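Here's the letter readout for the chains.
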Amino acid sequence: MRVDRRAVLVTAALLVAVLAAGVVLIGSGDYPMSPGDVLATLTGSGTPAQEFIVNDLRLPRALVGLLVGVALGIGGAVFQSVTRNALGSPDVIGFGQGASVGALCVIVLLHGGPAAVAGGAIVGGLATGAGVYLLAWRRGVHGYRLVLVGIGVAAVLTAVNQYLVTKANLVDATRAVLWMTGSLDGRDWAQFGPLLAVCAVLVPLILAYGRPLRLLEMGDDAAHALGVRVESTRIVLMASAVLLVAAATAAAGPIAFVALSAPQLARRLTRSPGPNLGAAAVMGALLTLVADWIATSAFGERQLPVGVVTGVLGGCYLLWLLVTERKAGRI
Amino acid sequence: MPAEPPPARRAAARAAGLLLAVAVLLLVCVASIAIGAKSIPLDGVWHGLFHSAGTGDDVIVADVRLPRTVLGLLVGCALGLAGAVMQALTRNPLAEPGLLGVNAGAAAAVVSAISFLGVTSLTGYVWFAFLGAAVVSVLVYALGGSRGATPVRLALAGTAMTAALFGYVNAVQLLDSAALDRLRFWTVGSLASADMATVGKVWPFIAAGVLLTLVIARPLNALEMGDETARALGASPARTRVLAMVAITLLCGAATAACGPIVFIGLMVPHLVRSLTGPDMRWVLPYAAVLSPVLLLGSDVVGRIVARPSELQVGIVTALIGGPVFIQLVRRKRMAQL
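Predicted, not measured: the structure shown is a model, and the values here were computed from it.

### A closer look at the overall build of chain B
Here is step 1 of the chain: Scanning chain B for helices and strands turns up 15 helices and 0 strands.
Here is step 2 of the chain: A compact globule built from 338 residues should have a C-alpha radius of gyration of about 20 Å, and chain B, at 20 Å, falls within 12% of that.
Here is step 3 of the chain: Each of the three principal axes of chain B carries a C-alpha extent, and together these read 60 × 55 × 35 Å.
Here is step 4 of the chain: Within the span of chain B, comprising 338 residues, buried residues form 58% of the whole.

Below you can see the structure in the form of structure tokens.
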């Protein structure tokens, strides 16, 4: 298979940017550290205080953010390729709202701990994904029906979430709103381990399916003629993508729009058609880390959850995407 | 195509239908006054409305249920008309103030007013809600509504707008937990805190919006046939669009300021109405004005019944009913070919 040099270069450049963003993110906070100090501490030659702040507080948070971004970026790329639609991403089809319903049920009704909340989110997200897919099914789910059904389902689930928030006492309500927004605050090694395990299995699996996925984008018939087992490929890829997005959501809440925008931005940078899986994954990580940095340092003493920043920026990005897609006559 | 009855008989049938709809609306209003955490028998309702002597039931009727019902009437009417006008203006079956982010715009402006400017009065909310509703209507219309837009574009423009604006609303709530406590009820959409003062403040705006929509009914019909034909028929497309936007802003801004963002009323009712009356806006608008409050008040009553002794906010009930209707619309064959 021909290796696209531009794609490789872009991915490498993004990777460098991710590492730089990670160092800056780790260095910022109530106890600011220069990039040099951060690197020194990471390589084991910092003061004990620096070691504690970096290794116990900020590094796990940054790594969770990184993996969440990777999972959302690559998961979104698969969604968009399989639906052959720039907007067929988990954000638009109600996945986040479904995960929120699951998590909120645990928070508000069962007062469960973080692990139970994560479990609730995964169940809610998976059920929503399956439900939207079934509702949109009519001899295939291509085209915009999936998107519109997703918008409808999302509206219903949002109502359920709002009901749960009004039902809660103020403490649970605050926790619920914070969770629904998507936050990396207080994430530690306990979240990192499971997320890493999921990513370690599924990301290589999806990358290995890169070629069949690219053929699948040309249409089922063409892919079949070229020897792709269409249905099984699609099921494996979608299941992996759904699980990745669910795992990311369980770890950090529904961080909006990373899954939508990362693959699109990656495609624009690499200028190659088709699913730029690797570039999308790294772009997702970059977006998440930069958004987290903005959320924690741009508002003075006040810190916002990262999902607020991605929500606002992502909403604006989606509007821009609509404008350009219309100019290009694609929508 | 089925044989059309002669115009005079058709008009008579439509007028009779409208009367029937008014009768249904009256029934729903009575139900809205009678049914609740404490149900009140019909003679009690009558007593409380017309011969109030200050008994417990009389107070509930006069101070709680009546304002709530009147506000539901006003807000339902406003949202239904706004939806009908939007669908005509954009020639788009999925247009709806809630879906298109107009309510979110009003919500974002109100939240800013509460948190940053310390606005606490409803009078203050209303003006900010207008501002937000106006800005977002113009933006969404420019992005997705004007010539040649598909329903998907419009729905997505609204979704994007809603996402960005509610992201902002969330941010404000998180930075200001006192605001969260006030806003978490307001952002759901509820009639529960209605009182006559609220009604007194919003009715002039809604009345103005209603009058405006009735004035532009005929030009909107002309606009359906394209700008050229509309001009030939003596309707100015540009003026009609501006007036329609003003009407939408007045209606959505006032409704949202009074009881928070309520979705799907403006989507469902005009669809139902068009299947009854056909596309003529001179009939669609009055029908929508009468049947939308039926749906809103009906949802409010249902919300009070199913969650007794507490209640389900009406915005939640309308979303739970409206979401499936929306999905059904989308699954229709015509829409499937988008």
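### Regarding the side chain of Ser183 of chain A
Residue and element names in this part refer to chain A.
Here is step 1 of the chain: Among the secondary structure elements, Ser183 is positioned in the loop between helix 7 (170-181) and helix 8 (189-208).
Here is step 2 of the chain: At 3.0 Å, the side chain of Ser183 and the backbone nitrogen of Asp185 are in polar contact.
Here is step 3 of the chain: Look past the residues within four positions of Ser183 in its chain and what remains in contact with it is Leu178, Ala252, Pro305 and Val306.

### Quick word on the pattern of salt bridges
All names here are of chain B.
Here is step 1 of the chain: Evaluation of the coordinates by the stated rule reveals 7 salt bridges over all chains.
Here is step 2 of the chain: Here Arg68 and Asp300 are joined by a salt bridge, their closest N and O atoms 2.8 Å apart. Pair noted here: Arg68 is in helix 3 (residues 56-90) and Asp300 is in helix 13 (residues 281-306), with a separation of 232 residues, a long-range link.
Here is step 3 of the chain: Arg68 sits in the buried class, given a relative accessible area of 7%.
Here is step 4 of the chain: Owing to a relative accessible area of 0%, Asp300 belongs among the buried residues under this scheme.
Here is step 5 of the chain: In this structure, the salt-bridge partner of Arg304 is Asp300, at a minimum N-O distance of 3.0 Å. Here Arg304 and its partner Asp300 are both found in helix 13, 4 residues apart, which amounts to about one turn of the helix.
Here is step 6 of the chain: Take Arg304: its relative accessible area is 4%, and that puts it in the buried class.
Here is step 7 of the chain: What emerges from the salt-bridge pattern is a single network uniting Arg68, Asp300, Arg304 and Glu311.

### Concerning the interface of chain B and chain A
Here is step 1 of the chain: Taken together, the contact pairs 46 residues of chain B with 47 residues of chain A.
Here is step 2 of the chain: Surface buried jointly by chain B and chain A totals about 3,800 Å² across both partners, of which 75% is contributed by carbon and sulfur atoms.
Here is step 3 of the chain: Counting across the chain B and chain A interface gives 0 salt bridges.
Here is step 4 of the chain: Across the chain B-chain A interface, the total number found is 1 residue pair in polar contact (both at pLDDT 80 or more).
Here is step 5 of the chain: Within the residue set of the side of chain B that touches chain A, elements represented by two or more residues are helix 5 (122-145), helix 6 (151-175), helix 7 (177-186), helix 14 (314-331) and helix 15 (333-336) of chain B.

Cut-offs applied
- Residues numbered from 1 in each chain as written.
- Chains lettered and ligands numbered in written order.
- Predicted model: local features only at pLDDT ≥ 70, side-chain atom pairs only at ≥ 80, totals over all residues.
- Heavy atoms only, no water.
- Helix = DSSP H or I, 4+ residues; strand = E, 2+ residues; numbered from the N terminus.
- Rg over C-alpha atoms; globule rule 2.2 N^0.38 Å.
- Buried < 20%, exposed > 50% of the residue type's maximum accessible area, 1.4 Å probe, protein only.
- Polar contact = N/O pair within 3.5 Å; in protein donor to acceptor, adjacent residues only side chain to side chain.
- Contact = heavy atoms within 4.5 Å.
- Salt bridge = Lys/Arg side-chain N within 4 Å of Asp/Glu carboxyl O.
- Buried area = accessible area lost by both parts, 1.4 Å probe.

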